[in-house]
Amino acid sequence: MKQAVVFLACILAAHLSFGQARTITAFNKDWKFFPGDDSTAVNPKYDDSKWRSLQLPHDWSIEGSFSEKHSTTFNEGALPAGIGWYRKTFNIPATSRGKRVFINFDGIYKNSEVWINGHFLGKRPNGYISFRYEITDYLNVGNGSNTIAVKVDNSAQPDSRWYTGSGIYRKVWLLTTNKIAVDQWGTFVTTPTVNVKNATVRVETTVTNSTPKVQNVVIENKIINAAGKIVAGKITNGSLSTDGKTTVTNEINITQPQLWSVDQPYLYTVKTIVRSGNQLLDEYSTPLGIRSFNFDAAKGFFLNGKAMKILGVCNHHDLGALGAAVNKRAIQRQLEILKRMGCNAIRTAHNPPATELLDLCDQMGFIVMDEAFDMWKKRKNKQDYHLEFEKWHTTDLQDQVKRDRNHPSVVIWSIGNEIREQFDSTGITIAKDLVNIIKQLDTTRPVTSALTENIPGKNFIYQSGALDLLGWNYKLDAYKDLPNRFPNQKFIAAETMSALATRGWYDMPSDSIRLWPPDGKTPYIKGIKNNTVSAYDKVYAYWGSTHEAGWNAVKKLEFMSGLFVWSGFDFLGEPVPYQWPSRSSYYGIIDLAGFPKDVYYMYQSEWTSKPVLHLFPHWNWQPGKLVDVWAYYNNADEVELYLNGRSLGVQKKKDDQLHVMWRVNYEPGTLQAISRKNGKQVLFKEIKTAGKPAKIRLVADRQMIHAKGDDLSFVTIQILDAQDNLVPDANNLVEFDIEGNGFIAGVDNGSQTSMEPFKASHRKAFHGLCLAIIQSNNKAGNIILKANSKGLQPASIHISAK
């Protein structure tokens, strides 16, 4: 490769565009779906006129009914799996003749097989990986139709420890390029040196040449700031070998760069242009966040030279009532809720995430631990990925790293979660292999694995010496001794807490810790109702801790880089400590519908600087009952509690306390709390005894959405008394009607045991709340949601789709 550097001043003069070289088309509309198995559907002439028409992404499992008889079991959400087929008929314009055409799948769960015009393209077992097929040679271009057929086989169960969903649940794209083009995930942008005055941006570009001749090209890299201005660039002349791939490297200097951080996630774009003479061959964009980071064995984590704690949560991929079907707005809403809590990091438990999540983490300022596997060769379920690991792990891990390595949010690679090979010598060989695969593609980020065995002589993944960062799950009592056990190592609490709660349910007394029993069957509290768990921070799985204890253990240790709480949101499946009829988890700081549990405000009081005063529980009890009243607060010295105007005393946090408590003899009326600092009021909160349900109130998170067809408004339904107080035990059935250019995409209420369908026009309130998710339908105009319930004053809300 001969390289000649041309100064930035020549870039614009040299670049002449003759139209769009790369065409990326969203390929998600007008698919046909059949919930069953029919192998003749690969035939282009197959009659699919009776199949259901739909728009991707699609998860057919979430549309089903809950049943303990499903092969998925309650651990996977007690929803159906099985086999399904998808077909789409489309035309390719004559302008694509002589070009290369690909179909890109962001993710299919799972065991997908793909045909184009009857020709078999391939199979991908992994349900979380992105992949593509070239379809150039099998297309009818310019005249005649083309048919893509996809078989999805999720019938072999159980295959997971949580809800997976079924179908083409991530987006699909049609890509058309010239025969000379940037390869799939063909750029790698790094920042070898970063400071406030200068940054070096290193751009590796891999270009494919599918012609039979050596091609001389010009490769131009332009760095564009958030305002759209070119701030730096470089041009390289190169020679591309025949029918192969060539990598070209440029280093570009940026003066006074804007640095990416969790508080100011500034993004540049690297635009890569390939041309021959004056002919534009390709344009390719790559996100760029200029930042430096490092993990220190004694001091923890540093971002851009400043020490900070990673304050993270583990999150599964399902989106509650929407199931696994990816929706960018739904992911954004989750991140917004977490950001308000003070969260700055996400661990993708336990698989490669949707690209939309990483895009949003780049834009919103989240650090990401990007995780590859939940198991290696040793299974956790009979039909899980251990069956495919030997054949597919290299390809899957390579594809994950190449796809995700340009995201500034991705700071840590994880090769596995609680892998069973840590307990035998095979863990040494496999860990070295996986880390080597990553290091061949990216040496800029540390590699970890979420470990449970913290005795060095018993942990064979640790003994491999391959990990850059030791990730620990639980066993917080050993945290302080980790530097002695593992000298000169770097640490992060990869998974913590496993505390349990049902939003709005409270058991007394609140100052006795209750453990989930190891057998998972024995009720941990006499008289428990409806598989509920107290929302006081006092219940946790026997391997975990309360939220307060877990956070206290991490925040005091300077060497501990941070933590990831299990979990940010409740998720479908894994409802331990319970079995059926529980069908979703209890671990979340936030429930499945997106309603915060009380402990959310503990984190907010610890992880943010904004004033917090959260008073709970509700104030509807039997007269004379002793009720424990808790308050989370910050930016204050004390909190004083009042009942019906009488002071019940002042409480101050002591030692490791993260809340204060009063034990109160209940009487109806008004409970009030005032937080003070230096004797001056900071915040005031009150809770009133609610009367009988009288009315409905609708609150939309957004009353203006895009009309493009996949935007959402999340509408909270509140059951109120006549004085507008939330009724904490209300379980009224709410019926929905919708008018205009939208539809109800899902309903929920956050209950872990509700058997109501997620795809419906009704929902019972759970502790006074439920949720309706409104989606636009590709047409501009007004959407009106009406909510009715027997005996209650109805409500309606207008949402504008533009």
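Refer to the preceding data block for the structure.
Report on the accompanying structure. For clarity, every value in this text was computed on a predicted model and none was experimentally measured. (Residues numbered from 1 in each chain as written. Predicted model: local features only at pLDDT ≥ 70, side-chain atom pairs only at ≥ 80, totals over all residues. Heavy atoms only, no water.)

Moving on, we come to the pattern of salt bridges. Taken as a whole and assessed by the stated rule, the structure comprises 45 salt bridges. For Arg-202, the salt bridge goes to Glu-251, with nearest N and O atoms at 3.6 Å. In this pair, Arg-202 is assigned in strand β13 (residues 198–209) and Glu-251 in strand β16 (residues 244–255), connecting sequence segments 49 residues apart. In this structure, Arg-514 and Asp-507 form a salt bridge, with 3.8 Å as the shortest nitrogen-oxygen distance. You can call Arg-514 buried: its relative accessible area is 13%. A residue is classified by how much of its surface remains accessible, and Asp-507, at 8% relative accessible area, is buried. Ionic contacts of the salt-bridge type, sharing partners, join the residues Arg-161, Asp-374, Lys-380 and Glu-574 into one network. (Salt bridge = Lys/Arg side-chain N within 4 Å of Asp/Glu carboxyl O. Helix = DSSP H or I, 4+ residues; strand = E, 2+ residues; numbered from the N terminus. Buried < 20%, exposed > 50% of the residue type's maximum accessible area, 1.4 Å probe, protein only.)

Every regular strand shows the same layout, with side chains that alternate between the two sheet faces. Direction of pairing for strand β42 (residues 733–740) relative to strand β44 (residues 762–764): antiparallel, over a ladder of three bridges. The residue of β44 that forms the bridge with Val-734 is Arg-763. Sheet topology note: the β42/strand β46 (residues 781–788) ladder contains six bridges and is antiparallel. In the sheet register, Gly-740 faces β46, and the bridge partner there is Ile-783. (Pairing = 2+ DSSP bridges.)

To continue, consider the side chain of Arg-87. As for its position among the elements, Arg-87 is in strand β5 (residues 82–90). Residue Arg-87 is classed as buried on the basis of its relative accessible area of 1%. Polar side-chain contacts of Arg-87 include one of 2.9 Å to the side chain of Asp-48. Discounting residues that sit within four places of it in the chain, Arg-87 has contacts with Asp-30, Trp-31, Lys-32, Ala-41, Asn-43, Pro-44, Tyr-46, Asp-48, Trp-51, Thr-147, Ile-148 and Ala-149. (Polar contact = N/O pair within 3.5 Å; in protein donor to acceptor, adjacent residues only side chain to side chain. Contact = heavy atoms within 4.5 Å.)

Our focus in this paragraph is the side chain of Ser-545. Looking at the element boundaries, Ser-545 is found in the loop between β30 (539–541) and α8 (547–555). Every residue in contact with Ser-545, bar those within four places of it in the chain, is listed here: Leu-476, Met-497, Ser-498, Ala-499, Tyr-540 and Gly-550.

For the rest of this paragraph, the subject is the packing of aromatic side chains. Taken as a whole and judged by the stated rule, the model has 40 aromatic pairs. Ring centres of Trp-472 and Phe-486 lie 5.0 Å apart, and the angle between their planes is 45 degrees; on these two criteria the pair is classed as tilted. Here Trp-472 is found in strand β27 (residues 469–473), whereas its partner Phe-486 is found in the loop between α7 (482–485) and β28 (491–497), with 14 residues between them in sequence. The exposure class assigned to Phe-486 is buried, which follows from its relative accessible area of 0%. Joined through ring pairs, the aromatic side chains of Tyr-506, Tyr-536, Phe-616, Trp-630 and Tyr-632 make up one cluster. The lysine or arginine in question, Arg-132, covers the ring of Phe-102, its NZ or CZ lying 3.8 Å from the ring centre. (Phe/Tyr/Trp six-rings, centres within 6.5 Å; stacked < 30°, edge-to-face > 60°. Lys NZ or Arg CZ within 6 Å of the ring centre and 35° of its normal.)

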